Amino acid sequence: MLARDRLLEGQGAIVTGASSGIGAAIASALAAAGAAVGVNYRSGADAADALVREIRDAGGRAIAIGADVSNEDAVSRMFDAFADAFGRIDIVVANAGLQKDAPAADMTLADWRAVIDVNLTGQFLCAREAIRRFVAQGPSPGSPALGKIICMSSVHEMIPWAGHVNYAASKGGVMLMMKTLAQEVASRKIRVNGVAPGAIRTRINESVWSDPDQAHGLLKLIPYGRIGEPDDVAKAVLWLASDESDYVTGTTLFVDGGMALYPEFRDNG
Ligand code: NAD
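First, a word on what this report is: a plain description of the structure on this page. (Residues numbered from 1 in each chain as written. Predicted model: local features only at pLDDT ≥ 70, side-chain atom pairs only at ≥ 80, totals over all residues. Heavy atoms only, no water.)

### Some remarks on the overall build of the protein chain
Each helix and strand in the protein chain was counted, giving 8 helices and 7 strands. In summary, the protein chain has a C-alpha radius of gyration of 18 Å against a globular reference of 18 Å for 269 residues, a match within 12%. Counting only C-alpha atoms, the protein chain reaches 50 × 45 × 40 Å along its principal axes. In the protein chain, 25 positive and 31 negative side-chain charges are present, and the distance between their average locations comes to 5 Å. (Helix = DSSP H or I, 4+ residues; strand = E, 2+ residues; numbered from the N terminus. Rg over C-alpha atoms; globule rule 2.2 N^0.38 Å. Lys, Arg positive; Asp, Glu negative; His and termini not counted. Charge placed at Lys NZ, Arg CZ, Asp CG, Glu CD.)

### Side note on the packing of aromatic side chains
Applying the stated criterion across every chain yields a total of 3 aromatic pairs. A ring pair is formed by F82 and F86, whose centres lie 5.3 Å apart and whose planes are at 55°; its orientation type is tilted. Here F82 and its partner F86 are both found in helix 3 (residues 72-86), 4 residues apart, which amounts to about one turn of the helix. We classify F82 as buried; its relative accessible area is 1%. Judged by relative accessible area, which is 23%, F86 ranks as partly exposed. Between W161 and Y167, the ring centres sit 5.7 Å apart and the planes meet at 70°, which makes this aromatic pair edge-to-face. Accessibility expressed as a relative area gives 28% for W161, which makes it partly exposed. Residue classification places Y167 among the buried residues on the basis of a relative accessible area of 9%. Above the ring of W209, the side-chain terminus of R201 is found at 5.7 Å from the ring centroid. (Phe/Tyr/Trp six-rings, centres within 6.5 Å; stacked < 30°, edge-to-face > 60°. Buried < 20%, exposed > 50% of the residue type's maximum accessible area, 1.4 Å probe, protein only. Lys NZ or Arg CZ within 6 Å of the ring centre and 35° of its normal.)

### Things to note about the layout of surface pockets
By rolling a water-sized probe across the atoms, one finds the places where empty space is left. By volume, the second largest pocket is sized at about 180 Å³. Every residue along the wall of the second largest pocket is listed here: G198, A199, I200, I222, Y224, R226, I227, G228, D232, V255, D256 and G257. Its residues assigned to classes, the lining of the second largest pocket shows 6 nonpolar, 3 polar and 3 charged. (1 Å grid on protein atoms, 1.4 Å probe; cavity = no way out; pocket = protein on both sides within 12 Å on 5 of 7 lines; lining within 4 Å. Points joined across faces, edges and corners; volume = space filled by probe spheres on them. Nonpolar A, V, L, I, M, F, W, Y, C, P; charged D, E, K, R; others polar.)

### Thoughts on the environment of E9
Checked against the element boundaries, E9 lands in the segment before strand 1 (12-15). Using a relative accessible area of 45% as the deciding quantity, one classes E9 as partly exposed. Along the sequence, E9 and A36 sit 27 residues apart, while their C-alpha atoms lie 8.5 Å from each other. The residues contacting E9, other than those within four sequence positions of it, are A33 and G34. (Contact = heavy atoms within 4.5 Å.)

Okay, here's the thing in structure tokens:
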């Protein structure tokens, strides 16, 4: 095995929303790279337990931690549970997210708030707790950074999305939250970055990719010609979590097969 394969040896990572989709792929990738991983879930304890077993069977270290990321006390308890099991925390991937779609005129205040609470406030609560813990525990023996935070954004941090105003607003908010935090904590050697997936094959968009007509329409928006897989995103997160990206902070890495490149203009507009 190449040394590069164990980029996170000896480090600790929490991945939120890790019992399914992109979060599960990230948790597996970080564990394979040597990190001890907290597999956070809100619902789906069985899936989180199964992933933890899979990681352990492969020789990795992991625990499942139930917590609603939009609940301040639950987030603090999640970090306590991780510290009890593994000690030091070096990496936090704020991935948990959801959609509750409706045309703006029909969108309930409850659905607006539910999406902002999880996708934006939940990421803030996790990032704030991460900063507190990184500072309290002091320099890392294994990394030049005091800690690394990765925020799961979306191409919809920049592409407006009719019928999804709560989701697009949450991801636009994530982008400037990430940049502001990065600016604020860089002098403490904490790196904060975002990852912006395009269309990735998970249950969040299953109704689109499982329907041939809709999948065909979706592919027109992806210059690279395929729908993304959770591993495509996990590889980008692994790089941002590792010291290979030590001079990178405050940036969004788009993992979208070119979706954000205005593909409508491919044929001269
Ligand atoms: P998913 O539904 O499989 O994963 C979302 C996870 O978040 C689920 O495990 C869910 O249980 C968890 N979650 C929801 N609310 C939570 C809460 N309050 N506390 C803790 N966990 C909670 O879908 P996914 O596609 O893997 O989404 C993961 C992230 O990627 C989301 O932030 C999503 O917005 C983002 N994203 C996905 C795509 C895509 O095409 N799939 C594109 C861009 C961005």
